[in-house]
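# A look at the structure
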Amino acid sequence: MWLWTGLSYHFAFFSGINSAAFIFAAFFVLQGLLFLLAAALNNPQFGKVPPIRAYAGGLLIFYAILLYPLIGVLLGHSLVELPSFGVTPCPLTIFSFGVLLLAKQRVPIWLLTIPLLWSVVGGSAALLLSVPQDWMLLASGIASLILMKMTLGNKGEPAKGAS
């Protein structure tokens, strides 16, 4: 989805509105490639994680897929003009944080850097442009980073008392 969003949304669509979209497209494509590399190198595993991460991860996934568009509809937007999950960057980033919170092993910082940067860029734009459903973008990046650090020890194992 990161590759698709980089190419179809940022490069093909958003670049007609904002010249910075070419830079965003490059970063989103790079992030897609980083996810592929991480999958090949690390064999990510998902399963039992500390409850706070499981709840937060599930909430972010639920928010990105269902609540995000619902907030837009409740604010009076039609379905065709809503940013949608899997195509636009903000719900995709929120979803990605949710999935990463469900990973059993430590998520490398190189895999978090671009989503964290986008949570700041997109989240600040949400505040400036008054897009309430994107406010979760800022919170998701900060909360995910804290929860991942707090619930994993130095070797990627659950920290004592985190289960």
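Residues numbered from 1 in each chain as written. Predicted model: local features only at pLDDT ≥ 70, side-chain atom pairs only at ≥ 80, totals over all residues. Heavy atoms only, no water.

Moving on to the overall build of the chain. Helices and strands together make up the secondary structure of the chain, namely 6 helices and 0 strands. Listing the helices and strands of the chain from first to last along the sequence gives α-α-α-α-α-α. Relative to its length of 163 residues, the chain is compact, with a C-alpha radius of gyration of 16 Å against a globular reference of 15 Å. Judged by the C-alpha coordinates and their principal axes, the chain covers about 50 × 35 × 25 Å. (Helix = DSSP H or I, 4+ residues; strand = E, 2+ residues; numbered from the N terminus. Rg over C-alpha atoms; globule rule 2.2 N^0.38 Å.)

Turning our eyes to something else, we now look at helix α3 (residues 51–74). Along α3, the helix axis deviates most sharply at Y63, where the bend reaches about 50°. Restricting attention to buried positions, one finds in α3 the residues R53, A56, G57, L60, I61, Y63, A64, Y68 and G72. Two residues or fewer past α3, G76 is found with a positive phi of approximately 95°. (Bend = angle between axes of the 7 residues up to and from the residue. Buried < 20%, exposed > 50% of the residue type's maximum accessible area, 1.4 Å probe, protein only.)

Running from N to C, helix α4 (residues 89–101) and helix α5 (residues 109–129) point in directions that differ by 135°, and their axes come no closer than 10 Å. Taken together, the axes of α4 and α5 are oblique relative to one another. Here α4 and α5 pass one another in a crossing that is left-handed. Contacts between α4 and α5 pair P89, C90, T93, F97 and L100 from the former with L111, L112, P115, L116, W118 and S119 from the latter. In the contact of α4 with α5, the residues fall into 9 nonpolar, 2 polar and no charged. (Axes fitted to C-alpha atoms, helices over the stretch in contact; angles between N-to-C directions. Parallel < 35°, antiparallel > 145°, perpendicular 65-115°, else oblique. Left-handed = near helix turned anticlockwise from the far one by under 90°. Contact = heavy atoms within 4.5 Å. Nonpolar A, V, L, I, M, F, W, Y, C, P; charged D, E, K, R; others polar.)

A separate point is the layout of surface pockets. Taken as a whole, the largest pocket encloses approximately 540 Å³ of empty space. The biggest single contributor to the lining of the largest pocket is α5, with 6 residues. In the lining of the largest pocket, the residues fall into 15 nonpolar, 5 polar and 2 charged. Taken as a whole, the second largest pocket encloses approximately 390 Å³ of empty space. Around the second largest pocket, the lining is made up of 22 residues, and of these F35, F46, V99, L100 and L111 lie nearest the centre. (1 Å grid on protein atoms, 1.4 Å probe; cavity = no way out; pocket = protein on both sides within 12 Å on 5 of 7 lines; lining within 4 Å. Points joined across faces, edges and corners; volume = space filled by probe spheres on them.)

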